[in-house]
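Remarks on the overall topology
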Amino acid sequence: MKQKSCIHRLNSLNSTARFSCILIILVLMSCNTTTKEVAPSIVTAITDPLPSWNEGDVKNSITSFVEKVTDSTSGEFIPVNDRIATFDNDGTLWSEQPLYFQFFFVLERIKTLAPQHPEWKTKEPFKSVLAGDLKKALASGEKGIATMLIATHAGMTDEEFDNLVKAWVKNGKHPKTNKGFTEMVYQPMLELLEYLRAHEFKTYIVSGGGIDFMRPWAEEVYGIPAQQVVGSSLKVKYEAKGDTGVIVRLPEVDFIDDKAGKPVGIHRHIGKRPVFAAGNSDGDYEMLQYTTTGDGARFGIIVHHTDSVREWAYDRKSPIGNLEKGIDDAGKYGWVLVDMKRDWNKIYPYEK
């Protein structure tokens, strides 16, 4: 019966997948003729590239899109060079509550640098950060946040900043889960990235977070190399230190890659309109709109945080990851809303 079940599954695959499956099974059987039990699990792995996604309309919409745009006989076929997929980072690829993770890095840097800046004891928003009054520090708004970012991210070379970020990523712990920040990436989205790349999509991060904050670890965690990361940035300049040329980070904001800035960042860094975009908040609205209003087949996906037990539940009234327009206009643009509680059977890679 098990042999018949395996044959039935094989017959349900397309010719390429069926050939690959048969080849793997034959190799295993040549090593040990008693390993018949392996075959069904191999078939399952091949037929389900998104195992952390529950069966249903959302998962089916993703696989149906990918299948039709990569089928050369389809009227909606997309050439490999045009298979551009962009992903927001905070709240889309990893968690973002109760603060954007980069801001935890900022807070740690303020405390580390405080002995060198005695004036911070009386100067806001640093005074409030050092006093542990985060709410008051954040009340300083965008100007105060920019001040903290510049104070903690500028005045060093790119290599020096890279090393700081790598050390923080290696040792930093989330205050609620006590997990490393890069352990709090979403397993379903990691699978989606791999699935798209397996079908020759080029995957990019397009985030409001700092481009130089994400680049040091994005490839190891997401499989996305530094040159495929788009984000907010400080101005920089080139300097010669002795016989060595370096890039120095300046205390001035150069570009904010958020909201309407995201399509601009895509234009500057990628040079093509994406055909696939994923976000989670209204900060991603323009990127989704830009992606899905182009010609031909397009796909927009919004990660909706609905799971207060395994992660967080928030949308319209949240100061972090606010999602209002995206929900209201999803139907208008055909964006797929992912209900984390319903559509994901696993949130983080470390979950059993």
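Residues numbered from 1 in each chain as written. Predicted model: local features only at pLDDT ≥ 70, side-chain atom pairs only at ≥ 80, totals over all residues. Heavy atoms only, no water.

1. Section: empty space enclosed by the protein
Considering all chains together, one arrives at 1 cavity of 30 Å³ or more under this definition. As a volume, the largest cavity reaches approximately 30 Å³. As for the largest cavity, its lining consists of Asn89, Asp90, Trp94, Gln102, Gly209, Phe213 and Met214. Here the lining of the largest cavity is built from residues that sort into 3 nonpolar, 3 polar and 1 charged. (1 Å grid on protein atoms, 1.4 Å probe; cavity = no way out; pocket = protein on both sides within 12 Å on 5 of 7 lines; lining within 4 Å. Points joined across faces, edges and corners; volume = space filled by probe spheres on them. Nonpolar A, V, L, I, M, F, W, Y, C, P; charged D, E, K, R; others polar.)

2. Brief notes about the pairing of strand S3 (residues 229-241)
As paired strands, strand S2 (residues 202-210) and S3 are joined by 3 bridges and run parallel to one another. From the neighbouring strand, Gly210 faces S3, where its bridge partner is Ser232. As paired elements, S3 and strand S4 (residues 244-255) share 8 bridges and run antiparallel to each other. Residue Lys237 lies in a different strand from S4, and its bridge partner there is Val248. (Pairing = 2+ DSSP bridges. Helix = DSSP H or I, 4+ residues; strand = E, 2+ residues; numbered from the N terminus.)

3. Quick look at the nonpolar core
With 68 residues, the main nonpolar core has Trp53, Phe87, Met189, Tyr222 and Phe276 as its most contacted residues. With 8 residues, the single largest contributor to this core is helix H5 (residues 101-113). Once you skip the residues sitting within four places of it in the chain, Phe276 turns out to touch Phe65, Ile84, Ala85, Thr86, Phe87, Leu192, Leu196, Thr291, Phe299 and Ile301. Listed in part, the 15 residues of the second largest apolar core include Val206, Ile270, Leu288 and Trp335. (Core = buried A, V, L, I, M, F, W, Y, C linked by side-chain atoms within 4.5 Å. Buried < 20%, exposed > 50% of the residue type's maximum accessible area, 1.4 Å probe, protein only. Contact = heavy atoms within 4.5 Å.)

4. Structural notes on helix H14 (residues 325-333)
Buried within H14 we find Gly326, Ala330 and Tyr333. The arc enclosing the buried residues of H14, seen along the axis, measures out at 90 degrees, which places them on a common side. Turned more than 90 degrees off the buried face of H14, the exposed positions are Gly331 and Lys332. Contact partners of the buried residues in H14: helix H13 (285-292), strand S6 (299-304) and strand S7 (336-339). (Arc of directions from axis to C-beta.)

5. Some remarks on the packing of H5 against helix H8 (residues 141-153)
At a minimum axis distance of 9 Å, the contact between H5 and H8 shows a crossing angle of 65 degrees. In terms of crossing hand, the pair formed by H5 and H8 is left-handed. Counted together, Gln102, Phe103, Phe105, Val106, Arg109, Ile110 and Leu113 of H5 and Ile145, Met148, Leu149, Ala151, Thr152 and His153 of H8 form the full contact between these two elements. Grouping the amino acids of the contact of H5 with H8 by side-chain chemistry returns 9 nonpolar, 3 polar and 1 charged. (Axes fitted to C-alpha atoms, helices over the stretch in contact; angles between N-to-C directions. Left-handed = near helix turned anticlockwise from the far one by under 90°.)

6. Topic: the sheet that holds S6
By way of backbone hydrogen bonds, the strands of a sheet pair with one another, either parallel or antiparallel. The strand order across the open sheet formed by 7 strands is S4-S3-S2-S1-S5-S6-S7, and the pairing between neighbours is mixed. Here the strands that pair on one side only, and so sit at the sheet edges, are S4 and S7. Put simply, the sheet's adjacent strands are angled 35 degrees from each other on average, direction ignored. Sheet topology places strand S1 (residues 84-87) next to strand S5 (residues 276-279); 3 bridges connect them, and they run parallel. Bridge assignment links Phe87 to a residue of S5, and that residue is Ala278.

7. Let's talk about the layout of surface pockets
Taken as a whole, the largest pocket spans an internal volume of roughly 1300 Å³. Lining the largest pocket are 43 residues, with Tyr100, Ile145, Gly208, Ile256 and Asp258 positioned closest to its centre. Where the lining of the largest pocket is concerned, the elements lending two or more residues are H5, H8, S2, helix H11 (211-222), S3 and S4. Its residues assigned to classes, the lining of the largest pocket comprises 18 nonpolar, 14 polar and 11 charged.

8. Some thoughts on unusual backbone geometry
A cis amide bond links Gln97 with the next residue in sequence, Pro98, at an omega value of -5 degrees. Here Pro98 shows up in the loop between S1 and H5. For the bond running from Glu124 to Pro125, omega is 5 degrees, close enough to zero to count as cis. By secondary structure assignment, the location of Pro125 is in the loop between H5 and helix H6 (126-130). Even without a glycine there, the phi angle at Asn178 is positive, about 60 degrees. Backbone geometry places Glu200, a non-glycine residue, at a positive phi of 65 degrees. Residue position: Glu200 is located in the loop between helix H10 (187-198) and S2.

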